[in-house]
Amino acid sequence: MSQQSPLFRKASAEVIDLHRFFEDWYDAATADKTDFNRCEHTFGQAFHMIPPTGRIFDRAETIELIRANRASFRGDFNIEISDIRASFETDGIVMLTYVETQSRAGKYSRRQASALFTASSSAPNGVEWQHLHETWLQMPDN
């Protein structure tokens, strides 16, 4: 397993790019210029997400959650992605782990995430998200 394989590079770029989309989509100043199709085309049909709360969201619920939070911040939302690593890779499939640090209206949090991707020539960056599981490293400040 190579941390520099083409599939690893595509999945890493996708993690970063999707989180940049979130920053733009959730910011009132940039939401109108942000193409939501980018988000809809990145999740595989069987996608599931488990956020730190433990609830399981399917693809439709995840997309609706993202859509519903459009323009909910006023320049005070930021995401930093770090420590991207491949934990498993085989032909056309890669599992990444990464740390996501968020600042939401001055409240900070950190999550450890693991994400499963499959190669897809029709998806942004050439990979689709199939599964995402996050756990708290630091809960939001109060």
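Our structure's up above, just so we're on the same page.
Residues numbered from 1 in each chain as written. Predicted model: local features only at pLDDT ≥ 70, side-chain atom pairs only at ≥ 80, totals over all residues. Heavy atoms only, no water.

J.: Honestly, the packing of aromatic side chains in this entry has me stumped. Any pointers?
T.: The geometry of an aromatic ring pair comes down to the distance between the two centres and the angle between the two planes. Evaluated as defined, the whole model comprises nine aromatic pairs. Note on Phe21 and Trp25: the rings are 5.9 Å apart at their centroids and 15° apart in plane angle, and the pair reads as stacked. Taken together, the residues Phe21 and Trp25, both in helix α1 (residues 6-26) and four residues apart, mark about one turn of the helix. Taking relative accessible area as the criterion, Phe21 reaches 5% and is therefore assigned buried. Among the aromatic side chains, those forming a connected cluster through ring pairs are Phe21, Phe22, Trp25, Tyr26, Phe36, Phe73 and Phe77. If you follow Arg55 out to its NZ or CZ, it ends over the ring of Phe57, 4.2 Å from the centre. Just above the ring of Trp25 sits the side chain of Arg70; from NZ or CZ to the centre is 5.7 Å. (Phe/Tyr/Trp six-rings, centres within 6.5 Å; stacked < 30°, edge-to-face > 60°. Helix = DSSP H or I, 4+ residues; strand = E, 2+ residues; numbered from the N terminus. Buried < 20%, exposed > 50% of the residue type's maximum accessible area, 1.4 Å probe, protein only. Lys NZ or Arg CZ within 6 Å of the ring centre and 35° of its normal.)

J.: Looking at this structure, I do not really get the environment of Ala113. What am I missing?
T.: With respect to the secondary-structure elements, Ala113 resides in strand β5 (residues 107-119). In this structure, the C-alpha to C-alpha distance between Ala113 and Ala68, residues 45 residues apart in sequence, is 22 Å. Beyond its immediate chain neighbours, meaning those up to four positions away, Ala113 contacts Leu96, Thr97, Tyr98, Leu132, His133 and Glu134. (Contact = heavy atoms within 4.5 Å.)

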